[in-house]
Number of protein chains: 2
Amino acid sequence: MHKVEQPFSFTLEAADGGARAGRIQTGHGEIATPAFMPVGTQATVKTLSPRDLHELGAQIILGNTYHLYLRPGDGLIAEMGGLHKFMSWNGPILTDSGGYQVFSLSERRQLSDGGVIFKSHIDGSQHLFTPDKVVAIQENLGSDIMMPLDHCAPYPSDHGYNVQALERTHRWAVASKLAQSRADQALFGIVQGGTFADLRRESALFLRELDLAGYSIGGLSVGEPKEVMHSMLEECTPLLPEDRPRYLMGVGSPEDLFECVERGIDMFDCVLPTRIARNGAAFVSSGRLNLRNSAMARDERPIQEGCACYTCRNFSRSYLRHLFKAEEILGLHLATIHNVHFLLQLMRDMRSAIIDGTFATFKRSFIDGFRPVDYEVRMRNREARAASLRATK
Amino acid sequence: MHKVEQPFSFTLEAADGGARAGRIQTGHGEIATPAFMPVGTQATVKTLSPRDLHELGAQIILGNTYHLYLRPGDGLIAEMGGLHKFMSWNGPILTDSGGYQVFSLSERRQLSDGGVIFKSHIDGSQHLFTPDKVVAIQENLGSDIMMPLDHCAPYPSDHGYNVQALERTHRWAVASKLAQSRADQALFGIVQGGTFADLRRESALFLRELDLAGYSIGGLSVGEPKEVMHSMLEECTPLLPEDRPRYLMGVGSPEDLFECVERGIDMFDCVLPTRIARNGAAFVSSGRLNLRNSAMARDERPIQEGCACYTCRNFSRSYLRHLFKAEEILGLHLATIHNVHFLLQLMRDMRSAIIDGTFATFKRSFIDGFRPVDYEVRMRNREARAASLRATK
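Residues numbered from 1 in each chain as written. Chains lettered and ligands numbered in written order. Predicted model: local features only at pLDDT ≥ 70, side-chain atom pairs only at ≥ 80, totals over all residues.

Q: Help me understand the overall build of chain A, please; the structure alone is not making it clear to me.
A: Helix and strand counts for chain A come out as 16 helices and 17 strands. Taking 393 residues into account, the globule formula puts the C-alpha radius of gyration at 21 Å, and chain A, at 20 Å, falls close to it. Each of the three principal axes of chain A carries a C-alpha extent, and together these read 60 × 50 × 40 Å. Taking all 393 residues of chain A together, the buried fraction comes to 53%. The long-range share in chain A, meaning contacts at least 24 apart out of those at least 6 apart in sequence, stands at 67%. (Helix = DSSP H or I, 4+ residues; strand = E, 2+ residues; numbered from the N terminus. Rg over C-alpha atoms; globule rule 2.2 N^0.38 Å. Buried ≥ 20, exposed ≤ 12 C-beta atoms within 10 Å, placed from the backbone. Contact = placed C-beta atoms within 7 Å.)

Structure follows, in structure tokens:
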């Protein structure tokens, strides 16, 4: 069933411990891995233009099937020539399945083996996602890499629930593969199984048999302790084929990127760099800098000394603080540029270290100086976000 | 009293009827006139970075003394190396006097011949502007062109009130010239006199005697009929020295720019292109396009066929409508780029036409196809804006 015309391929170039360096070929260009994918939920990476993304060295971006299906509609995007042309981004695009958004953004879901009925978070209208329909939507969008509809179990949830969700996810993966009608798009599988080692292994083995173009790992970084996420990766990545890319969905803090690259992940996406930027938080080698802080008022330094991004080459912390205090849009843009650059540069540096065989040393030197935002703060932020999403419905 | 070290000069290069083409030299570069100055109220032209402005061909931008004095403070900006360095804009900057904002944004003013006491629209704190202080603030900012504090009479107001306001404006102009301590900044005068021909003439003659680097015309485009604005310009511009630039404050609609260039104006500023862009309105050769309109949903054309701006070279009306409907910041940015380009290109075309002696023909061909937003709509918008400003206090 593997289509010969498909322009998608993955080449493993180097390994250093579990960490891998490779290259993905797509019909819209090459992606050096490990790679971080900036998130363009609504056909735009928030505050950035395509030329900003090219300048930052972004080699692939993500689009959200759920959001684009609801607005402006995948049919409209197809009429306009597909998502690449619509948003004027000529590089690779990965679209997710919408499954995670259906379960996190919309309420009053009715789930069955056939699919999931949900209400739009925009206008409350009712919609149905089936595996076939989700493939058809992504074919309308014309992304280079598609995800199949999956059932992402909440955390925490019990073994029995996860067995059911996993069986459904696997059936939907098969249906998605059968539904695929375009030869120029790669379909990935999504490994689920919650926090259960047996299910994660079963999922990896099942999807491996399906011979998919790549393998995503879903349902992690959803509230479980870090050690659990790490051990789940350790259960499933060794069972996935070495010659296919592995994509950990929704992960993107600097410390997590190191831990997961070390465990054999090649691709990541996360709204973290763009979202915290719009809240005035900037990544620095020592952790995060709050640009709204009064300590920044007369600070003539850039966000990060030595940083090569447009923001750091041209603007002081003092100016950025002013823009945030005055609620100027330029502040959101400049902070986003810095944060996306920070993560993309980190991935480039990891890749070089893997090729040089110095990944462990590089990781240690970075992590030693880096103070991550702690677990409690992350959980509080997550809850606040969920509450605000509910409030906007 | 004219300081020889001053890097400021104006050269008149061509005239075509009343319309003039010239060049202004400043310590931060040259400005070809007639020129439109994008407004950077809070040390940023809203949604644009300095490199966007350079790409658009902006040769000078405006900063607002009132806003920058209140936030982040002119003292802080001076500590950070001045406004050019603070906002990373290395071209010329003109700062206004704050007078207009004191009279339009702040309430509970106490006006005397010494100056004006007002309350901040941000936090209600009380402040005093005197002619000396306003010069000192602008010296802290380090702008290339400064404005003296003036008393801008409201429209409508009677002859007696305008006589008083004008006498005060003239006294303050003299005080401002005496207060100037830096040799590298040019001080303009502001011609006032409301809608009274005798006062406009008196003001032009008085300020001419003061031998200032340039002459602004204030208190117009504040609600009076267009014919009145035109006749006031016709009263005062012939009395102003030919070898100094003339700046009409707050004017910036395409049709007004033609009428006022024809009447001898060299410089303009207005928030119109940037403000209407953020509301989803784009300048086109036939008038204005509402990017939120449902007719745009499947329109593959750029905002304006043949437009050379980044937005029109890369994005469809369909995509822009989507960005506005989805409330994406990129929409505000892309529409702003187009509108600023539209006005700057219009000024470049006017300048070429003046040099070629074809200004009248060019004006007629543009105005014939252009349908301006009519007076009633403009007045309604103005009132809505004033109400919204009062509400945010």
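Q: Explain the relation of the copies chain B and chain A to me, please; I cannot follow it from the model alone.
A: Both copies of the chain are tied together by a single rotation about an axis and a shift running along it. Superposing chain B onto chain A takes a rotation of 180° combined with a translation of 0.0 Å along the rotation axis, leaving an RMSD of 0.0 Å. Accordingly, the operation relating the two chain copies is best matched by a two-fold axis. Rotation axis and chain B: the residue whose C-alpha lies nearest the axis is B:Ile329, separated from it by 3.9 Å. (Least-squares fit on C-alpha atoms with pLDDT ≥ 70 in both.)

Q: Explain the domain arrangement of chain A to me, please; I cannot follow it from the model alone.
A: Size of an interface, as often reported, equals the accessible area lost when the parts are brought together. Residue and element names in this part refer to chain A. What the domain assignment reports for chain A is domain 1 (9-270) and domain 2 (277-368). The straight-line distance from the C-alpha centre of domain 1 to that of domain 2 is 27 Å. Across the boundary between the two partners, domain 1 contributes 25 residues, which contact 22 residues of domain 2. Listing elements by their share of the side of domain 1 that touches domain 2, those giving two or more residues are strand 1 (9-16), strand 2 (19-26), strand 4 (35-37), helix 1 (50-56) and helix 10 (254-262). (Domains from an automatic or database assignment.)

Q: Before we go on, may I ask you to explain the interface of chain B and chain A in this structure?
A: Every contact between the two is made by 30 residues of chain B and, on the other side, 31 residues of chain A. Among the elements of the structure, helix 3 (74-79), helix 4 (83-87), helix 13 (317-325) and helix 14 (329-356) of chain B are those that each provide at least two residues to the side of chain B that touches chain A. Broken down by element, the side of chain B that touches chain A gets its largest block of residues, five residues, from helix 13 of chain B. Taken together, the residues that form the side of chain B that touches chain A break down as 14 nonpolar, nine polar and seven charged. (Nonpolar A, V, L, I, M, F, W, Y, C, P; charged D, E, K, R; others polar.)

Q: Which parts of the structure should I look at to understand unusual backbone geometry?
A: Only a minority of non-glycine residues have a phi that is not negative, and only a minority of peptide bonds are not trans. Residue and element names in this part refer to chain A. Omega for the bond connecting Arg-71 with Pro-72 falls within 30 degrees of zero, at 10°, which places this linkage in the cis form. Even without a glycine there, the phi angle at Thr-47 is positive, about 80°. If you trace the backbone, Thr-47 turns up in the loop between strand 5 (39-40) and helix 1. Thr-47 gets classed as buried once you count the C-beta atoms within 10 Å, which come to 25.

Q: What am I meant to see in helix 8 (residues 197-209) of chain B here?
A: For an α-helix, 3.6 residues make a turn, and residues three or four places apart therefore share a direction. All names here are of chain B. Look at helix 8: 19 Å from first C-alpha to last across 13 residues, which is about the 18 Å you get at 1.5 Å a residue. Leu-199, Arg-200, Glu-202, Ser-203, Ala-204 and Leu-207 are the residues of helix 8 that are buried. Of the surrounding elements, those touching the buried residues of helix 8 are helix 7 (159-179), strand 12 (186-191), strand 13 (214-217) and helix 9 (226-236). Asp-211 sits one or two residues past helix 8 and shows a positive phi near 55°. (Expected span 1.5 Å × (residues − 1).)

Q: Is there a simple way to think about the packing of helix 13 of chain B against helix 14 of chain B in this case?
A: The angle between the axes and the distance between the axes are what describe a pair of packed helices. Residue and element names in this part refer to chain B. In the contact formed by helix 13 and helix 14, the axes pass within 7 Å of each other and the chain directions differ by 130°. Put simply, helix 13 runs oblique to helix 14. Along this stretch, helix 13 crosses helix 14, giving a crossing that reads as left-handed. Counting all contacts with helix 13, which are made through Leu-320, Leu-323 and Phe-324, the residues of helix 14 involved are Leu-330, Gly-331, Leu-334 and Ala-335. (Axes fitted to C-alpha atoms, helices over the stretch in contact; angles between N-to-C directions. Parallel < 35°, antiparallel > 145°, perpendicular 65-115°, else oblique. Left-handed = near helix turned anticlockwise from the far one by under 90°.)

Q: Any chance you could explain the sheet that holds strand 1 of chain A here in plain terms?
A: Backbone hydrogen bonds hold the strands of a sheet together, and the pairing may be parallel or antiparallel. Residues and elements named next belong to chain A. The strand order across the open sheet built from three strands is 1-2-3, with neighbouring strands paired in antiparallel fashion. If you trace the sheet from one side to the other, it starts and ends with strand 1 and strand 3 (29-33), each paired once. Each strand of the sheet is rotated relative to its neighbour by a mean of 10°, with strand direction disregarded. (Pairing = 2+ DSSP bridges.)

Q: Could you clarify how one ought to interpret the pairing of strand 2 (residues 19-26) of chain B in this entry?
A: Each regular strand shows side chains that alternate between the opposite faces of the sheet. Residue and element names in this part refer to chain B. Most of strand 2 is tucked away, with six of its eight residues classed as buried. In terms of strand pairing, strand 1 (residues 9-16) meets strand 2 through seven bridges, oriented antiparallel. In the strand pairing of strand 2, Ser-9 is matched with Gln-25. Where strand 1 folds back on strand 2, the antiparallel hairpin that results is connected by two residues, among which Gly-17 adopts a positive phi of roughly 65°. Direction of pairing for strand 2 relative to strand 3 (residues 29-33): antiparallel, over a ladder of five bridges. If you follow Arg-23 over to strand 3, its bridge partner there is Ala-32. From the end of strand 2 to the start of strand 3, which pair antiparallel, there are two residues.

Q: What's the story with the sheet that holds strand 2 of chain B in this structure? I'm lost.
A: Residue and element names in this part refer to chain B. With antiparallel pairing, three strands are arranged side by side in an open sheet as 1-2-3. Each edge of the sheet is formed by a strand with only one pairing partner; in this case those strands are strand 1 and strand 3. Between one strand axis and the next, the sheet turns by 10° as a mean value, whatever way the strands run. Of the strands in this sheet, strand 1, strand 2 and strand 3 are in contact with helix 14, which crosses strand 2 at around 115°.

Q: I'm lost on the nonpolar core in this one. Help?
A: For soluble globular proteins, the rule of thumb is that nonpolar side chains tend to be buried together. In this structure, A:Phe188 and B:Phe188 are the most contacted members of the largest nonpolar core, which totals 214 residues. Those residues in contact with B:Phe188 that sit more than four places away from it in its chain are B:Ile145, B:Met147, B:Leu212, B:Ala213, B:Gly214, B:Tyr215, B:Ser216 and B:Tyr247. (Core = buried A, V, L, I, M, F, W, Y, C linked by C-beta atoms within 7 Å.)

Q: Just checking my understanding: could you explain the pairing of strand 12 (residues 186-191) of chain A for this structure?
A: Residues and elements named next belong to chain A. Judged by how many residues are buried, strand 12 sits mostly within the fold: six of six residues are covered. Here strand 12 shows no split at all, with Ala-186, Phe-188 and Ile-190 on one side and Leu-187, Gly-189 and Val-191 on the other all buried. By the bridge criterion, two bridges tie strand 11 (residues 145-146) to strand 12 in an arrangement that is parallel. Considered in strand 12, the bridge of Ile-145 is made with Ala-186. Bridge count between strand 12 and strand 13 (residues 214-217): four bridges; the pairing is parallel. Counted as the bridge partner of Phe-188 is Gly-214 from strand 13. Between strand 12 and its parallel partner strand 13, the chain crosses via helix 8 (residues 197-209), and the hand of that crossover is right-handed. (Right-handed = clockwise from strand over helix to strand, strands pointing away.)

Q: Honestly, the confidence of the model for chain A in this entry has me stumped. Any pointers?
A: Any region with low pLDDT has predicted coordinates that should not be read closely. Overall, the predicted model of chain A reaches an average pLDDT of 94, with 93% of residues at or above 70. Across the interface, the model reports ipTM at 0.95; the global pTM reads 0.95. (pLDDT = per-residue confidence, 0-100.)

Q: Please clarify how the packing of helix 10 of chain A against helix 15 (residues 359-369) of chain A should be interpreted in this entry.
A: Residue and element names in this part refer to chain A. Close contact between helix 10 and helix 15 brings their axes to 10 Å; oriented N to C, the two are set at 160°. Here helix 15 runs roughly antiparallel to helix 10, going by the angle between their axes. As helix 10 runs across helix 15, the sense of the crossing is left-handed. Contact residues: helix 10 offers Glu-255, Phe-258 and Glu-262, while helix 15 offers Lys-363, Phe-366 and Ile-367. The residue inventory of the contact of helix 10 with helix 15, partitioned by class, reads three nonpolar, no polar and three charged.

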